[in-house]
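Understanding the architecture of this molecule
One letter stands for each residue in the lines below.
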Amino acid sequence: MISNKAPIQPALSKVATSHISRLLTPTDVIIVSFNAHWSLTQSPDSHSLWPCLSVLRPELLDDILREKPQEADGIDSVVVVDNVPQVGPERLEKLKNVIHKIFSKFGKITTEFYPEADGMTKGYIFLEYASPNQALEAVKNADGYKLDKQHTFRVNLFTDFDKYMNISDEWETPEKQPFKDFGNMRHWIEDPDCRDQYSVIYEAGERTAIFSNDAKEPITVEERARWTETYVRWSPKGTYLATFHQRGIALWGGEKFKQIQRFSHQGVSLIDFSPCERYVVTFSPLMDTKEDPQAIIIWDILTGQKKRGFHCESSAHWPIFKWSHDGKFFARMTPDTLSIYETPSMGLLDKKSLKITGIKDFSWSPGDNIIAFWVPEDKDIPARVTLMQMPSRQEIRVRNLFNVVDCKLHWQKNGDYLCVKVDRTPKGTQVYGEGGVLNLFISRVNLTCCFLLTESIIAFAWEPNGSKFAVLHGESPRINASFYHVKNNGKIEPTLICMYVHQHCCMSCVQCLYVFFSVCSMNGALAFVDTSDCTMMNIAEHYMASDVEWDPTGRYVVTSVSWWSHKVDNAYWLWTFQGRLLQKNNKDRFCQLLWRPRPPTLLSVEQIKMIKKDLKKYSKIFEQKDRLSQSKASKELVDKRRAMMEEYRRYREAALQNYHEQKSIRLELRGGVDTDELDSNVDDWEEETIEFFINEEIIPLGDL
Amino acid sequence: MKPILLQGHERSITQIKYNREGDLLFSVAKDTVANVWYSVNGERLGTYNGHTGAVWCWLLYLVVSCWWTYWGGPVGYGTSDGFVNVHVAFTGKQLALLHTNSAVRTCGFDFSGNIIMFSTDKQMGYQCYLNFFDLRDPQQISDNQPYLSIPCSEQKITSAVWGPLGEFVIAGHENGEFNQFSAKSGEVLKKAKEHTKQINDIQTSLDLTMFISASKDNTAKLFDCTSLDHIKTFKTERPVNSAAISPIMDHVVMGGGQEAMEVTTTSTRIGKFEARFFHAAYEEEFGRVKGHFGPINCVAFHPDGKSYSSGGEDGYVRIHYFDPQYFDFELEA
């Protein structure tokens, strides 16, 4: 039986020979099957060896069989071109030339085939490219190519034909998707200690983590590598965390941050949630075509469906679409028009846009369906700010303004007030205005007030819940911060609360619950001001700080140095609202910190009032709790240190014992001189006198 | 704590060492000289003019490292122009001059003071070698032929010290790896890789039982000399150039800062050029000493543990005598 081995070998390919011994060693059955396929192995074509081998013992030949050529290999590189002119043999050569010229642009054509019937070509051809990528390229670019008036090429992949042939003609109603329970989407609010969460991106975007904020140290909730490719966003009520990927957006939420929804949008770079968390708007600079608007897509978060696509016509500031507070409307501004759409139909409100010549900026009220917009001066017509009720399109307030360079619309968070910051030109000259004007509107009451500041205004901010606002004004390096209170007693007169002089303050941003912050060009100076009695609570500094983020409760503030702006000392620091530094968290290549927003409280106004009244009662409980956790923490730290010390001591004792045992060897190595102690060979010492240089300075005393 | 400022170098300090008794402080810098100082008051005792011939003196611009025996005896230092000088410490008399092909990065005497070890840089087509000369054998010196030469061409040696009893050399490599090379056979006895970037400095404790490594990966780590077991880690935000273990307290001192080539002219604050003190057992920082206006390149404890010195990129050596509070200070435990 063994003699059969010799004639088989020459026919086997090189790879196969190495396995022959393996085939033969288990003796019996295998050899018999070799004989049965003897004729096949004699064939000069090495391919014909494959059927033979596969019959043998597939499990033994697994690694060879994997290399077996497939029938469909190369099929991906074939394209089918339709609507090719039908020509006779005399013009075939010319056609081939033309086709070759058009299609060889996308890659090397390895085979071409022109089916014929009755001496005429059939009007479609097959082309094979060197690689499937080239075929794809040809489909992408040559499909729809106009050869002449009658002939427009339709180019398809050969494999696509297969795919579409298999689709049945009958309509199948899509299966109902089972309802997926993601658990409690607002799990984090149920935390017994009411800790807020925040997301942190670090290691230059490699890692993303969610932490629970705690005064002692952050508690890790979730940490993942490469969770997002660029940055993350929280939805306005904190339910979802959006991560960015090349292919689209993913939303995460629930207790364990499971994936809840995916929106496929190639190259997405910006997103915006509707305030009601029902819709999300995504923007991608890549995927816009004339027929199918795909630059901006509005998605339904709950179903994951694409609701509508838009073109990105003008490169305006993001968000291009601004949402009304309840998510019922969204609007975009294009030159001279304001288009308002309604949900859920995603159609234009009343089927037509608003025509507003020269519209510069608009803004929704955060409290009502009121839209505010402003129009600059046009020759004799003064600039004006308009408040318009939606959807009735009724103008409720209009105010004319003069000598306007620029306007900024600042709504107070509840929508009670609108402040229009106006930069004015001094009369006659067209330079940037030296004075700033604040126009206050009270949207619900029919009042406006104009308030003039003599210096240019750098930044403006409203208190989140209330009627105070802060203004940074002046010229660098002398910049003042002023706090004002709007009285609501029939006439609104902002009364100056206090004023501070801030030097070297270049770029500033104001936060106004109790505290304001200023980012200076090189050193992040922070000032914590209590606006109720105007005391400067603390002045601190986070060197190089680039960002400031308040937590949703206003009790903590985080300043951070992002890797995106500076490459060193990337860290975020946590402060209390009084300006006490709680933590310095150094994270390697820290990029971004975002607080998880909270949904609005469910308590009624009365309930909140009651809580405020009983605050003393509650504060006792909290203080006790704090003391407990503090003593626990210090005990933990002491215990940890003790354990570390214990371990270290144990190591040192062992090392020293070993050291003492080696004393005789050391003595031998140094010729009997004991050098273990500093003064062990005092006899060799020489005494030396050393001078100390002391400065002498005579200061004559004057008349006493 | 008022420092004594030593101004004896024109370029950045590369290494400082105390002798065994601690009365002398030796410093080398990227300029041509090696200085010896009285540690008690900072008076200069003398300068080694390593090279006398004017012919190749101009080549000598970088004294990369030096090592001084702990017990009197000879003194050696390596230079970038490819020489290792062996002197008598106090008189400055040259005992031996060894020639190498490329710059000498680290060198050291074994415990007995008889064997000199030095590593050469991978440079100008020459490989990185770890060479061993036995000074008792005049033949080796005159022939300039080491009794043992270990090639380390893949990863250059950036720092090396002798282990206890002179049995092996612990070498730190530019990839953050440690190797224990036997001084007799040259074979690798043990390996460890705890650092991710280049090891800038290795210093042993006074009793030679453990060593601390300073790395570009912003950490310093404590190891056992014999077993190469990792014991402790000390983290900072900047590359660590040098670290030393206190002989009397459970403390370590680390020096470093933003790399010289990355330092901007805007502010010294961002560079973090402070010497930083960590508790050896708790791995916690408890103190900083400001002063240098460039990165600290080397730190060293006085053998009695009552003072320490640092040498910086700014060319100054600063001797600091600790205040009494330092010795009373205890972290709560």
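Residues numbered from 1 in each chain as written. Chains lettered and ligands numbered in written order. Predicted model: local features only at pLDDT ≥ 70, side-chain atom pairs only at ≥ 80, totals over all residues. Heavy atoms only, no water.

Quick notes on the overall build of chain B
The secondary structure content of chain B amounts to 2 helices and 28 strands. Burial statistics for chain B: of 333 residues in total, 62% are counted as buried. The contacts in chain B between residues at least 6 apart in sequence include a share of 43% that link residues at least 24 apart. Surface exposure of chain B reaches about 12,900 Å², of which carbon and sulfur atoms provide 50%. (Helix = DSSP H or I, 4+ residues; strand = E, 2+ residues; numbered from the N terminus. Buried < 20%, exposed > 50% of the residue type's maximum accessible area, 1.4 Å probe, protein only. Contact = heavy atoms within 4.5 Å. Areas by Shrake-Rupley, 256 points an atom, 1.4 Å probe, with all protein chains shown as cover.)

Some thoughts on the overall build of chain A
Scanning chain A from terminus to terminus reveals 12 helices and 43 strands. Residues classed as buried in chain A amount to 40% of the 704 residues present. In chain A, the share of contacts with a sequence separation of at least 24, taken over all contacts with a separation of at least 6, comes to 43%.

Thoughts on the UniProt feature "repeat: WD" (unreviewed entry) in chain B
In the numbering used here, UniProt assigns the feature "repeat: WD" (unreviewed entry) to residues 6-47 and 289-319 of chain B. The span residues 289-319 of chain B is 0% helical and 52% strand by assignment, and the distance between its end C-alpha atoms comes to 12 Å. (UniProt positions renumbered as here; feature names shortened; annotations may be inferred.)

Section: the packing of aromatic side chains
Residues and elements named next belong to chain B. Following the criterion strictly, the structure yields 45 aromatic pairs over all chains and no others. Aromatic pair F178 and F223: ring centres 4.8 Å apart, planes at 65°, arrangement edge-to-face. Pair noted here: F178 is in strand β16 (residues 177-182) and F223 is in strand β20 (residues 219-224), with a separation of 45 residues, a long-range link. One exposure class covers both F178 and F223, and it is buried. Arranged with centres 5.7 Å apart and planes meeting at 20°, the rings of Y308 and F322 form a pair that is stacked. (Phe/Tyr/Trp six-rings, centres within 6.5 Å; stacked < 30°, edge-to-face > 60°.)

Remarks on the sheet that holds strand β1 (residues 4-6) of chain B
Residue and element names in this part refer to chain B. Read across the open sheet, the 4 strands follow the order β1-β28-β27-β26; overall the sheet is antiparallel. Looking at which strands have only one partner, the edges of the open sheet turn out to be β1 and β26 (296-301). With direction set aside, neighbouring strand axes in the sheet form an average angle of 20°. Pairing analysis gives 5 bridges linking strand β27 (residues 307-312) to strand β28 (residues 317-321), with the strands arranged antiparallel. Counterpart to G311 in the pairing with β28 is V317. (Pairing = 2+ DSSP bridges. Axes fitted to C-alpha atoms, helices over the stretch in contact; angles between N-to-C directions.)

Things to note about the nonpolar core
All names here are of chain A. Residues I249, L251 and I271 are the most contacted members of the largest nonpolar core, which totals 27 residues. Of all the secondary-structure elements, those providing two or more residues to this core are β10 (232-234), β11 (241-245), β12 (248-253), β13 (258-264), β14 (270-273) and β16 (296-300). Considering each element in turn, this core owes the most residues, 4 residues, to β12. Not counting chain neighbours up to four residues away, the residues in contact with I271 comprise R233, A242, F244, I249, V280, V281, T282 and W318. (Core = buried A, V, L, I, M, F, W, Y, C linked by side-chain atoms within 4.5 Å.)

Details of the confidence of the model for chain B
All names here are of chain B. Across chain B, the average pLDDT comes to 79, with 80% of residues at or above 70. Note that pLDDT drops below 50 for residues 51-73; the model gives that stretch 80 contacts with residues more than four away or on any other chain. Scored as a whole, the predicted complex attains pTM 0.63, and scored at its interfaces, ipTM 0.81. (pLDDT = per-residue confidence, 0-100.)

Topic: the sheet that holds strand β24 (residues 275-279) of chain B
All names here are of chain B. Taken in spatial order, the 4 strands of this open sheet run β22-β23-β24-β25, and their pairing is antiparallel. Strands with a single pairing partner mark the edges of an open sheet, and in this sheet they are β22 (240-245) and β25 (285-289). Each strand of the sheet is rotated relative to its neighbour by a mean of 20°, with strand direction disregarded. Across 4 bridges, the pairing between β24 and β25 is antiparallel. Following the sheet pairing, R276 is matched in β25 by R288.

Things to note about the pattern of salt bridges
Residue and element names in this part refer to chain A. Summed over the entire model, instances satisfying the criterion amount to 25 salt bridges over all chains. One salt bridge in this structure joins E222 and R224, with 3.4 Å as the shortest N-O distance. Its salt-bridge partner being D406, residue K408 comes within 3.1 Å of it at the nearest N-O pair. Through salt bridges that share partners, D191, D193, R195, D214, K216 and K625 make up one connected network. (Salt bridge = Lys/Arg side-chain N within 4 Å of Asp/Glu carboxyl O.)

Details of the side chain of S562 of chain A
Residues and elements named next belong to chain A. Within the secondary structure layout, S562 lies in the loop between β40 (556-561) and β41 (571-576). A polar contact is formed between the side chain of S562 and the backbone oxygen of C591, at a distance of 2.6 Å. Those residues within four positions of S562 in sequence are excluded, and the remaining contacts are S546, D547, N570, F590 and C591. (Polar contact = N/O pair within 3.5 Å; in protein donor to acceptor, adjacent residues only side chain to side chain.)

A look at a nonpolar patch on the surface
Residue and element names in this part refer to chain A. A cluster of nonpolar side chains, contributed by L603, I608, I611, L615, Y618, I621 and F622, occupies part of the molecular surface with about 600 Å² of accessible area. Residue assignment for the nonpolar patch shows that the elements contributing at least two residues are α10 (605-613) and α11 (615-661). If you tally residues by element for the nonpolar patch, the top one is α11, at 4 residues. Tracing the sequence through the fold places Y618 in helix α11. (Patch = residues over 30% accessible without salt bridge, like charges linked within 9 Å, V, L, I, M, F, W, Y side chains within 5 Å.)

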